[in-house]
Amino acid sequence: RVALLLPHLIYNVDLAGLLDLVEILVENPRINLVLKIHTRPMKGFSDGATFIDRLVKIEREHDRIHVESRANSAALIRSAAAIITFGSSMAIEALLQRKPIVFPLHLDTNTSIFDDGSVVAIARTNAECADRVSRVGDPDYALCPDPSALDNFLHIHVYASNRVPSVADTYVDRLEQLRGQ
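Going along each chain's sequence as written, the residues are numbered from 1 onward. Given that the model is predicted, a residue must reach a pLDDT of at least 70 before its local features are reported, and side-chain atom pairs must reach 80 or more before they are shown or counted; all residues, however, enter totals for whole chains, interfaces and linings. With hydrogens and water set aside, each side-chain value is computed from the structure's full complement of heavy atoms.

J.: Could you clarify how one ought to interpret the packing of aromatic side chains in this entry?
T.: A ring pair, where both rings are aromatic, is described by two values, the distance of the centres and the angle of the planes. Working definition: a ring pair exists when centres of Phe, Tyr or Trp rings (six-membered ring for Trp) sit within 6.5 Å. Plane angles under 30 degrees give stacked, over 60 give edge-to-face, the rest tilted. Tallied over the entire structure, the rule returns two aromatic pairs. Pairing Phe103 with Phe114 gives two aromatic rings, centres 5.8 Å apart and planes at 40°, and the pair type is tilted. Remark: Phe114 occurs in the loop between strand E5 (101-104) and strand E6 (121-123) and Phe103 occurs in strand E5; sequence separation between them is eleven residues. Judged by its relative accessible area of 3%, Phe103 is buried. Cluster of aromatic residues (ring-pair linked, three or more members): Phe103, Phe114 and Phe153. Strands are runs of DSSP state E lasting at least 2 residues, helices are runs of H or I lasting at least 4, and numbering of each runs from the N terminus. Buried residues are those whose accessible area, probed at 1.4 Å on protein chains only, stays under 20% of the maximum for their type, while exposed residues exceed 50% and partly exposed ones sit between those limits.

See the structure below:
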């Protein structure tokens, strides 16, 4: 099961390329796709409404895709074997849950903290993206980030420091402060 978590579509997303990716994914018999639509409304964005209409049509035509807008994203990530996302803060949730993430860099023009590929598998084409997620679970294919790279990424981008102090370090620091008073 693969979860495709969409960013807000109004922000520099290649909608035609994204639709092509969905079409490729639903044709692959190894992939069951749950597509989570971003929760923010797209008022006044007619391309986004047309895109959603097309997704609903694809869902009616294929039995291996489910388009979802209300499911809890954390629960959806928990139930997935792999995540495809770009331009979404939900990638951090996927990392915290130690889920492999494929990041289709070619589908938007935004810059993000994931662009260096240190904790996500960068895909530069739709075919590469589909190949990466279809191989999740193969014993000779590792998609999860290196634990030390993940630790470093979380310390910098989530915990806003280069290291998280241990409880013991915090106590020692506090005792030294008190002793100095």
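J.: Help me out: how do you make sense of the pattern of salt bridges in this one?
T.: One side chain can pair with another of opposite charge once the charged atoms of both are near each other. Should a side-chain nitrogen of Lys or Arg be within 4 Å of a carboxyl oxygen of Asp or Glu, the pair is scored as a salt bridge. Scanning the entire structure with this criterion turns up five salt bridges. A salt bridge links Glu61 to Lys57; its shortest N-O distance comes to 2.5 Å. Here Glu61 and its partner Lys57 are both found in helix H2 (residues 46-61), four residues apart, which amounts to about one turn of the helix. The exposure class of Lys57 is partly exposed, given its relative accessible area of 38%. A salt bridge links Arg64 to Asp63; its shortest N-O distance comes to 3.9 Å. Residue classification places Arg64 among the partly exposed residues on the basis of a relative accessible area of 23%. On the basis of relative accessible area, Asp63 is assigned to the exposed category, the value being 71%.

J.: Help me understand the pairing of strand E1 (residues 2-5) in this model?
T.: Two faces, one strand: in a regular strand the side chains alternate between the faces of the sheet. Residues Val2 and Leu4 point to one face of E1 and Ala3 and Leu5 to the other, with burial holding for every one of them. Two strands make a pair as long as DSSP finds a minimum of two bridges between them. Looking at chain direction, E1 and strand E2 (residues 33-36) are connected through four bridges and run parallel. Looking at E2, one finds that Leu4 is bridged to Leu35. As judged from the four bridges shared by E1 and strand E4 (residues 82-85), these two strands associate in the parallel manner. By the bridge assignment for E4, Leu5 is matched with Thr85.

J.: Sorry if this is basic, but what is going on with the sheet that holds strand E3 (residues 65-68) here?
T.: In a beta sheet, neighbouring strands are held together by backbone hydrogen bonds and run either parallel or antiparallel to one another. Spatially, the six strands line up as an open sheet ordered E3-E2-E1-E4-E5-E6, and their pairing is parallel. In this open sheet, the two strands that pair with only one neighbour each are E3 and E6. Averaged over all adjacent pairs, the angle separating strand axes in this sheet is 20°, with direction ignored. Each of E1, E2, E3 and E4 is contacted by helix H1 (residues 15-27), which is oriented at about 155° to E2, the strand it contacts most. Of the strands in this sheet, E1, E4, E5 and E6 touch helix H5 (residues 126-134), which is tilted by about 145° from E6. Where helices are involved, their axes are fitted lines through C-alpha atoms of the stretch in contact, as for all axes, and angles between N-to-C directions lie from 0 to 180°. Contacts between residues were defined by any pair of non-hydrogen atoms, one from each residue, lying within 4.5 Å.

J.: Can you walk me through the nonpolar core in this structure?
T.: Burial of nonpolar side chains together is a common tendency in soluble globular proteins. The biggest cluster of nonpolar side chains holds 52 residues, and the ones touching the most others in it are Leu18, Val22, Leu33, Leu55 and Ile84. Looking at this core element by element, the count peaks at seven residues for H1. With residues near it in sequence (within four places) discarded, Val22 still touches Leu4, Leu33, Leu35, Leu55, Ile58 and Ile65. Remark: nonpolar core denotes a set of buried residues (Ala, Val, Leu, Ile, Met, Phe, Trp, Tyr, Cys) joined through side-chain atoms within 4.5 Å.

J.: I keep staring at H1 and nothing clicks. Help me out?
T.: Counting along an α-helix, one turn takes 3.6 residues, and residues three or four places apart therefore face a common direction. For a helix, the expected span equals 1.5 Å multiplied by the residue count minus one. Given a rise of 1.5 Å per residue, 13 residues ought to cover 18 Å, and the 19 Å separating the end C-alpha atoms of H1 matches this to within 8%. Buried residues of H1: Leu15, Gly17, Leu18, Leu19, Leu21, Val22, Leu25 and Val26, and no others. Pairs of N or O atoms are called polar contacts if they sit within 3.5 Å, as long as, within protein, a hydrogen donor faces a hydrogen acceptor (for residues adjacent in sequence, only side-chain-to-side-chain pairs). The backbone nitrogen of Ala16 lies 3.4 Å from a side-chain oxygen of the residue at the head of H1, namely Asp14.

J.: Explanation requested: unusual backbone geometry in the structure shown.
T.: As a rule of thumb, non-glycine residues mostly have phi less than zero, and peptide bonds are mostly trans rather than cis. Of note in the backbone geometry, Arg98 takes a positive phi value of approximately 60° without being a glycine. Tracing the chain through its elements places Arg98 in the loop between helix H4 (90-96) and E5.

J.: I would appreciate a short explanation of a nonpolar patch on the surface in the present structure.
T.: By definition, no residue in a patch forms a salt bridge, and every one has over 30% relative accessible area; like charges are joined within 9 Å, nonpolar side chains (Val, Leu, Ile, Met, Phe, Trp, Tyr) within 5 Å. A 1.4 Å probe and the Shrake-Rupley method give the accessible areas. Residues count as covered only by the protein chains that appear here. Together, Leu96, Val158 and Tyr159 make up an exposed nonpolar region whose accessible area comes to about 240 Å². Checked against the element boundaries, Val158 lands in the loop between helix H6 (147-157) and helix H7 (167-179).

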